[in-house]
Amino acid sequence: MSNLLKNVSNKSKGIICILFAALGFSLMTFFVRLSGDVPTMEKAFFRNAVAIVVSLFLLIRSGEKFEIKKGCGTDIFFRCLFGTSGLIANFYAIDRLNIADANMLNKLSPFFAIILSIPILKEKPKKLDILAVIIAFLGAMLIVRPTGSNMQLVPALIGLYGGFGAGTAYVFVRRLGKKGERTPIIVLCFSIFSTVITIPFIIADFVMLSPIQLLFLILAGMSATLGQFGITSAYKFAPAKEISVFDYTQVIFAAILGMLFLGEVPTVLSVIGYVVIIGVAAMRWRYNLKNAD
């Protein structure tokens, strides 16, 4: 495998990794849906429990100590808080919306990150970024469809918060990166925090899993881990401005899985929403490439 990739450019390696990440996260949503009538918190627990095992293994293998750098504690807490609430909201939406819709709402996270970067990172967005945010949210409204007759309005709004939580978490991850905090520590703290938060809810509303449900939730955790590894590797090979747009293939993978195995067909308005959001993301990607320093 290494010989096959020897002559492949770093950018191409980054694209391949991010495509694997997109596939992994779309499979996560698919297996979460297949697990059936299980409380959202119980699903979130299993998804993060697998990540803890993998993160601990990597940390021990690297020989690094589990130690948070000075001045990073507050940022890690907010990364965990928003990341966990966003994850739970995303899982709630997955159970009640087409998985393609749920994935698309979660993929609004980069646009939320633009907004939150202003107060948290003191970054001033470009005019194109502001325009992109406005257009993306117009596209999101085609998926949410906020009308009184829309029975999926509340799950869609919760799914929208999932994108907000993820976007906010990414901003704190970026600030932690600037402070030199290590990726395994950030991932492990998030996984432990998310798991601990879900335990009281599981105790209060525990559902005994059938063997097939347990298998699907373990597969969901493994798929999410694949996604995390793919994303981490992708951004080691190439900067976000060159490859981030390919992350939106997750919506395409999710739509294909939904149609083939769940009988889900996105509405025309949802498809238009996908095109608008992915289109504006592609526009930003092209602009950033052309105007790179």
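Everything below is about the structure printed above this text.
What counts, and where the lines are drawn
- Residues numbered from 1 in each chain as written.
- Predicted model: local features only at pLDDT ≥ 70, side-chain atom pairs only at ≥ 80, totals over all residues.
- Heavy atoms only, no water.
- Salt bridge = Lys/Arg side-chain N within 4 Å of Asp/Glu carboxyl O.
- Helix = DSSP H or I, 4+ residues; strand = E, 2+ residues; numbered from the N terminus.
- Buried < 20%, exposed > 50% of the residue type's maximum accessible area, 1.4 Å probe, protein only.
- Axes fitted to C-alpha atoms, helices over the stretch in contact; angles between N-to-C directions.
- Parallel < 35°, antiparallel > 145°, perpendicular 65-115°, else oblique.
- Left-handed = near helix turned anticlockwise from the far one by under 90°.
- Contact = heavy atoms within 4.5 Å.
- Nonpolar A, V, L, I, M, F, W, Y, C, P; charged D, E, K, R; others polar.
- Phe/Tyr/Trp six-rings, centres within 6.5 Å; stacked < 30°, edge-to-face > 60°.
- Lys NZ or Arg CZ within 6 Å of the ring centre and 35° of its normal.
- Core = buried A, V, L, I, M, F, W, Y, C linked by side-chain atoms within 4.5 Å.
- Patch = residues over 30% accessible without salt bridge, like charges linked within 9 Å, V, L, I, M, F, W, Y side chains within 5 Å.
- Areas by Shrake-Rupley, 256 points an atom, 1.4 Å probe, with all protein chains shown as cover.
- Expected span 1.5 Å × (residues − 1).

A. Quick peek at the pattern of salt bridges. All told, the structure shown has eight salt bridges when counted by the stated rule. Across the pair E264 and R33 runs a salt bridge, and its minimum N-O distance is 2.4 Å. Placement of E264 in the loop between α12 (249-261) and α13 (268-290) and of R33 in helix α2 (residues 10-34) is noted, with a sequence separation of 231 residues between them. Classification of R33 by relative accessible area gives buried; the value is 19%. In this structure, R284 engages D129 in a salt bridge whose closest nitrogen and oxygen atoms are separated by 2.8 Å. With a gap of 155 residues between them, R284 in helix α13 and D129 in helix α7 (residues 127-144) connect regions that are remote in the sequence.

B. Structural detail: the packing of α7 against α13. In contact at an axis separation of 7 Å, α7 and α13 are set at 165° when each is read in the N-to-C sense. Put simply, α7 runs roughly antiparallel to α13. The chirality of how α7 crosses α13 is left-handed. Residues L128, D129, A132, I135, A136, G139, A140, L142 and I143 of α7 lie in contact with α13, whose contacting residues are L269, S270, I272, G273, Y274, V276, I277, V280, M283, R284 and Y287. Among the residues forming the contact of α7 with α13, the class breakdown is 15 nonpolar, three polar and two charged.

C. Broad picture of the packing of aromatic side chains. In total, this model carries 14 aromatic pairs according to the counting rule given. Seen in terms of ring centroids, F77 and F78 are 5.3 Å apart; in terms of plane orientation they differ by 70°. Their pairing is edge-to-face. For F78, a relative accessible area of 31% gives the class partly exposed. Grouping aromatic residues by their ring pairs yields a cluster made of F77, F78, F82, F112, F137, Y161, F164, F172 and F193. Geometry around Y92 places R96 over its ring, the cationic atom sitting 3.7 Å from the centre. Taking the ring centre of W285 as reference, the NZ or CZ of R286 above it sits at 6.0 Å.

D. Representation of the packing of helix α5 (residues 99-106) against α12. Where α5 contacts α12, the axes come no closer than 8 Å and their chain directions differ by 165°. Taken as axis vectors, α5 and α12 run roughly antiparallel relative to one another. α12 is crossed by α5, and the crossing has right-handed handedness. In contact with I99, A100, N103 and M104 of α5, α12 contributes Q250, V251, A254, A255, L257 and G258.

E. Structural context of the nonpolar core. Counting residues in hydrophobic clusters, the biggest one holds 52 residues, and the most contacted among them are F91, M104, L105, L108, F111 and I277. With seven residues, the top contributor of residues to this core is helix α4 (residues 73-96). Once residues within four sequence positions are removed from consideration, L108 is found in contact with A136, A140, L160 and I277.

F. Representation of a nonpolar patch on the surface within the structure. The grouping of I252, I256, M259, L260, F261 and V265 at the surface amounts to a nonpolar patch, some 630 Å² of accessible area in total. Relative to the helices and strands, F261 is located in helix α12.

G. Focus on helix α3 (residues 40-62). Its 23 residues give α3 an end-to-end C-alpha distance of 33 Å, which sits within 8% of 33 Å, the value for a rise of 1.5 Å per residue. The set of residues buried in α3 consists of T40, M41, E42, K43, A44, R47, N48, V50, A51, I52, S55 and L59. Directly after α3, the chain includes G63, whose backbone phi takes a positive value near 80°.

Any functional reading would require information that these geometric values do not contain.
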